[in-house]
Amino acid sequence: MGILQQIIFAILAIGSFYFVSKKVKEIYQNIMMGQKETITSDNAFRLKKTLLVAFGQQKMFKRPIAALLHLVIYVSFVITQIELLEIIIDGFLGTHRILYFSLLKGNFLGDLYTFVVSSIEILSLLTFFVTIAFLWRRNMLKLPRFTKSELLGWPRKDANLILIFEIMLIFFIFCMNTGDKALQLIDPEKHHETGNFVLSTLLAPSLATLPEMFVHFIERLGWWGHIIMVFVFLNYLPYSKHLHVVLAFPNVYFSRPEPAGHITNMAHIQKEVASMFNPDAVQEETNEETPMIFGAKDVHELSWKSLLEAYTCTECGRCTAMCPANLTGKKLSPRKIMMDTRDRMEDLAKGRREHGPDFKDNKLLLGDYITKEELRACTTCNACVEECPVNISPLGIIVELRRNLIMEQSDSPNEWNNMFSNLENNQAPWQFSPQDRLNWVSELNG
Amino acid sequence: MSDYKVPVMAELAAEGKAPEVLFWVGCAGSFDQRAQSVTMAFVKILNNLNIDFAVLGPEEACSGDPARRAGNEFVFQMLAQQNIATLNMYNVKKIVTACPHCFNTLKNEYPELGGNYEVVHHSTFLQQLINDGKLKVEGGEFKGKKITFHDSCYLGRANDIYEAPRAILEKLDAELVEMKKCKTKGLCCGAGGAQMFKEDEPGNLRINEERTNQALEVQPDFIAVACPFCNTMMTDGVKGKDKQDSIKVFDLAEFVAKANKY
Ligand code: SF4
Ligand code: SF4
């Protein structure tokens, strides 16, 4: 590889890492806009969840066919990183297949290299078919979870775009490997052997019948195409639902350990009510300021974990497909809750970066992005939480927004207001006296 | 006239006695007519097995589940702290309840407010009695009949209890059929999250109608439930289909009590 190529590579690599790291920092700051929440799990729990749910894709297998197809892309993505590593070293050093040549050739590691690259080829071919299947599923098959209104516009383009990236990447991998092998066939003196990979070795002889210059061009096209696609993908990720390929891991690692039925306690209200019951009780000295907020009306009032979840959401719609409210035609869609939260977070953060931390745009997550009609349709059934392959809780956000509606805005359906006053006055959601709680006993013995 | 005993905590305490287990009746179990029969069925079982239990009666307050889930943390905290004060005053160790919502709140949400008890749902409680050989269940009128069990969200997904209710129903010598959506995939009845206490939001269908359709698909003779709110919802759903004569909705405790002719 010439020095010119080396320089171009270095500029592209450094530039793309610079931009992506800037964006990563922004995303981190956006998530940290959220409220403090201590995830009370221990390391064993976290590790187990990460291994099973994130690495092991455990929850994907509730839908075995989709899971298998997704697994092909996932494994192929992971294993291709090895070849990518080599491309990056080669790019900086101007070498060619450095892993094979200088490190591995001649010992058993050389065979391992051939094996790994062969696996990449086979998985790439499989991924090619899966990608076609996914494009077809998304655009031709009218699967309900892929045709909901919240996917119109960008989300749909995003999904298709990434699949097209995928196909291009695979194309370039084959150009690169086949070109390489064909060059070795044409002139073994000049182009040293770099291992025989299972598919490119099959394809190379036909390519080798073409002029050497053209074959060389194909090889370079593959190499450069591959690495440029990687840089593009890297910089595209932060704007895409495909951020989940990275964030699924921390998000699952920080899974909340409580049973799904548990709803977070509001410590400041607990204290206030406790002092109402017992005014003389010595108030514990707390250095920690618990903010007196009542649920959330905007993203910065949600927990950082909910914001991380919003960035992690894959927009797969498994939650919405199982949501009883959505299934019966209500407006609520738990996927939309996650997408709205992410959109609002981006909007608010952008404003804050441009106009300072006091930025206001007269918009709120509650009302302008998510309506109360959606919130009020939730039965807190946890179907969305159960379904989510990356342990997201749309319900957590719904509860916080509901809290704000009721406690800060006193916006409650009349029937609920009646229920609240019954609960306050006679400790039951209906208008019965506590003295009548045992009325059934007379019937029992009647 | 039979003579079932329903000891009340305050009276026992006055005599210096403490029961082994507190039966938490819940608001539905106390006031809702349909749920009252479940309460009575469960008390009959407790009496027949000579289980040392008591109820709180007028001292029991709503667990706070609907208030918290609607978003009213103040009302939840008031109810919860009042209940915890009562339960701690009587030094309660173990609680059984036939309501998955009370079960979930008492078990998962009271501990961080200072209420630590062993809380079991009546499905687990009955299963335990069966396993210990204390409770014998014969098929009785349910022998050979088709029963489908509707999972409650607050038992199943919320607390991972899927097997206990089925284990009880299996003792009835009946044919247990599963709906297409069951266990982790079970569809909500529509009552949770304080929906029980308000009109549905606009949509095509009520959730309980959808769930009833799913239940009817397997053509059961009985729909089994383990929650007073599911009970209401499924009963209404079956009525809406005008099937109330051919399909009965019963709680687990009712199945056991009826099968044993208590
Ligand atoms: S918890 Fe709410 S949002 Fe989630 S599936 Fe159930 S009804 Fe839908
Ligand atoms: S919340 Fe989970 S299940 Fe729902 S769309 Fe996002 S990733 Fe999929």
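Above this text is the structure in question.
Residues numbered from 1 in each chain as written. Chains lettered and ligands numbered in written order. Predicted model: local features only at pLDDT ≥ 70, side-chain atom pairs only at ≥ 80, totals over all residues. Heavy atoms only, no water.

**Q** Hey, could you run me through the overall build of chain A in this one?
**A** Check the secondary structure of chain A and you find 20 helices and zero strands. Scaling as 2.2 N^0.38, a compact globule of 446 residues should have a C-alpha radius of gyration of about 22 Å, whereas chain A reaches 28 Å, well beyond that. Counting only C-alpha atoms and orienting by the principal axes, one finds that chain A spans roughly 100 × 55 × 40 Å. When each of the 446 residues of chain A is scored for burial, the buried share is 52%. Long-range contacts, defined as pairs at least 24 residues apart, comprise 77% of the intrachain contacts of chain A with a sequence gap of at least 6. Within the structure as shown, chain A displays about 21,300 Å² of accessible surface, and the carbon and sulfur contribution to it stands at 65%. Between the mean site of the 44 positive side-chain charges and the mean site of the 47 negative ones, chain A shows a separation of 4 Å. (Helix = DSSP H or I, 4+ residues; strand = E, 2+ residues; numbered from the N terminus. Rg over C-alpha atoms; globule rule 2.2 N^0.38 Å. Buried < 20%, exposed > 50% of the residue type's maximum accessible area, 1.4 Å probe, protein only. Contact = heavy atoms within 4.5 Å. Areas by Shrake-Rupley, 256 points an atom, 1.4 Å probe, with all protein chains shown as cover. Lys, Arg positive; Asp, Glu negative; His and termini not counted. Charge placed at Lys NZ, Arg CZ, Asp CG, Glu CD.)

**Q** It is not clear to me how the interface of chain A and chain B should be interpreted in this structure. Could you clarify?
**A** In many analyses, interface size is given as the accessible surface area lost on bringing the parts together. In this complex, chain A contributes 63 residues to the contact, which on the side of chain B involves 73 residues. Of the roughly 6,000 Å² buried at the junction of chain A and chain B (both faces included), carbon and sulfur atoms supply 66%. Taken together, the links from chain A to chain B amount to four salt bridges. One salt bridge connects glutamate 60 of chain B with arginine 437 of chain A, and the closest N-O pair in it is separated by 3.3 Å. Our enumeration of links across chain A and chain B arrives at 31 residue pairs in polar contact (both at pLDDT 80 or more). For the side of chain A that touches chain B, the secondary structure elements donating two or more residues are α10 (267–277), α12 (318–322), α13 (324–327), α16 (372–376), α17 (383–387), α18 (394–408), α19 (414–426) and α20 (439–444) of chain A. No other element matches the seven residues that α10 of chain A contributes to the side of chain A that touches chain B. (Buried area = accessible area lost by both parts, 1.4 Å probe. Salt bridge = Lys/Arg side-chain N within 4 Å of Asp/Glu carboxyl O. Polar contact = N/O pair within 3.5 Å; in protein donor to acceptor, adjacent residues only side chain to side chain.)

**Q** Help me out: how do you make sense of the side chain of asparagine 104 of chain B in this one?
**A** Summarising the element assignment, asparagine 104 of chain B is placed in helix α6 (residues 100–109). Contact partners of asparagine 104 of chain B, with chain neighbours within four places excluded, come to Gly261 and His262 of chain A together with Arg69, Glu109, Tyr154, Ala158 and Asn159 of chain B.

**Q** Is there a simple way to think about the nonpolar core in this case?
**A** Membership of the largest hydrophobic core comes to 107 residues, with the highest contact counts inside it found for Phe23, Ile95, Phe125 and Phe255 of chain B. Here this core gets eight residues from one element, more than from any other, and that element is helix α3 (residues 33–48) of chain B. If you look at the next biggest cluster of nonpolar residues, it comprises 48 residues, including Leu302, Leu365, Val390 and Ile397 of chain A. (Core = buried A, V, L, I, M, F, W, Y, C linked by side-chain atoms within 4.5 Å.)

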